[in-house]
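Notes for the structure review
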Amino acid sequence: MTLQTRIPTLPRVPTVLIAGGAGFIGSHLCDSLLQRGNAVICLDNLFTGSIDNIRPLLNHPNFRFIEHDVREEIEIGAEIDRIYSLACPASPRHYQKDPVGTMKTCVLGTINLLELACRKGARVLQASTSEVYGDPEVHPQPESYLGNVNPIGPRACYDEGKRAAETLMFDYHRMYGTEIKVARIFNTYGPRMLENDGRVVSNFIVQALRGKPITIYGGGTQTRSFCFVDDLVRGLQLLMESSASVTGPCNLGNPHEVTIEAIAREVLTYTESASPLRFEALPKDDPKRRKPVIDTAARLLGWRPRVALQDGLQATIAYFALRIAGESMPLVPALASRKKGPARGLLKIADQDQ
């Protein structure tokens, strides 16, 4: 008599591709998805992302890193269930360094990821931005607001690039039935921000910790709404796993609105810094007010931010304090020309933009 032993087939671990996975938000998303039992493929050209952000994951059996520019066609042999499209420099200093490259990342990169999603039968989430609202004439900003964007200004490469990416997402959805999600991300902060990224929170913290003047552009009365990165990552995952009928756009941000000067004074308090405030001219097209309406996220995803600004700032300050401790001069990842490939070295930084 022949005995046959039936070996049960284990379910395949869901595989998630994160374009821009070595960046600030992307690396936190890699952490979270691995903790949830997913296999994660991190795709990044390291233009503003950093291997340091994902170094602890490199030996994880369910993690794979691929150095690649999304502007080039993407071929991956593995099965892919979910794609997060986060690949784009997000701070004015970085996206204005190569505006044509930024627009290509938004348009060609989105097309390449959508084509990959079509081939793999994967669901894809586009990380859009509150910048699609421009300098808003409607406050606070609901998803129904069409925006007030200057298409020929110095910020247009990012603002209009992200608007074009949203267009592509919905056109692929209508034409090919691609499962899409569009998240409009408002100001996000937390550990792993670059010291030289020119954003408000990182600028203020680094300047305060180094005892340098806190640079405020404009009168300091313009407002922002800051969302801690853990809250945002949770929102992105809830949106990705929501019903297929939920396409977005969906605002993800903290509706707690504060002035730029108030943030500066909060940072001075928590760092116990004696840095003075220094006011400079407001950059062209810089939005005066920013506050999301998050009714869609609350109703469809059950999502609201949980981390209070005070707690998030203290966690971010602790991160930068560790990075800066013992440094005679701050060292930050270099930004090489995109035509020459990803950055490999380090450079010294002497100024901070907002």
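Throughout what follows, the structure given in this document is the object of discussion.

Definitions and limits used
Residues numbered from 1 in each chain as written. Predicted model: local features only at pLDDT ≥ 70, side-chain atom pairs only at ≥ 80, totals over all residues. Heavy atoms only, no water. Salt bridge = Lys/Arg side-chain N within 4 Å of Asp/Glu carboxyl O. Helix = DSSP H or I, 4+ residues; strand = E, 2+ residues; numbered from the N terminus. Buried < 20%, exposed > 50% of the residue type's maximum accessible area, 1.4 Å probe, protein only. Lys, Arg positive; Asp, Glu negative; His and termini not counted. Polar contact = N/O pair within 3.5 Å; in protein donor to acceptor, adjacent residues only side chain to side chain. Contact = heavy atoms within 4.5 Å. Phe/Tyr/Trp six-rings, centres within 6.5 Å; stacked < 30°, edge-to-face > 60°. Axes fitted to C-alpha atoms, helices over the stretch in contact; angles between N-to-C directions. Parallel < 35°, antiparallel > 145°, perpendicular 65-115°, else oblique. Left-handed = near helix turned anticlockwise from the far one by under 90°.

1. Remarks on the pattern of salt bridges
Taken as a whole and assessed by the stated rule, the structure comprises 23 salt bridges. Among the salt bridges present, the one from Arg123 reaches Glu179, with a minimum N-O distance of 2.7 Å. Residue Arg123 is located in strand 5 (residues 123-129), and its partner Glu179 is located in the loop between helix 5 (156-176) and strand 6 (180-185); the two are separated by 56 residues in the primary sequence. The exposure class of Arg123 is buried, given its relative accessible area of 8%. Taking the relative accessible area as the measure of exposure, Glu179 reaches 35% and is therefore partly exposed.

2. Re the side chain of Lys181
One can find Lys181 in strand 6. Comment: no salt bridge for buried Lys181; closest opposite-charge side chain is Glu179, at 6.3 Å. A polar atom in the side chain of Lys181 sits 2.6 Å from the backbone oxygen of Val246. When neighbours within four sequence positions are excluded, Lys181 is seen to be in contact with Arg123, Val124, Leu125, Gln126, Met169, Leu239, Met240, Ser242, Ser243, Ala244, Val246 and Thr247.

3. Considerations on the packing of aromatic side chains
Following the criterion strictly, the structure yields seven aromatic pairs and no others. Measuring from centroid to centroid gives 5.1 Å for Tyr172 and Tyr176, while their planes differ by 65 degrees, and the two rings are edge-to-face. Here the residue Tyr172 and the residue Tyr176 both occupy positions in helix 5, the gap between them amounting to four residues, near one helical turn. Overall, the relative accessible area of 9% leaves Tyr172 in the buried class. Linked through ring pairs, Tyr133, Tyr145 and Phe186 together constitute an aromatic cluster.

4. Looking at the packing of helix 4 (residues 99-120) against helix 5
Packing of helix 4 against helix 5 brings their axes to within 8 Å, and their N-to-C directions diverge by 15 degrees. What the angle tells us is that helix 4 and helix 5 run roughly parallel. With respect to the hand of their crossing, helix 4 and helix 5 are arranged in right-handed fashion. In this structure, helix 4 contributes Pro99, Thr102, Met103, Cys106, Val107, Thr110, Ile111, Leu114, Glu115 and Cys118 to the contact, and helix 5 contributes Ala156, Cys157, Tyr158, Glu160, Gly161, Lys162, Ala164, Ala165, Leu168, Met169, Tyr172 and Tyr176.

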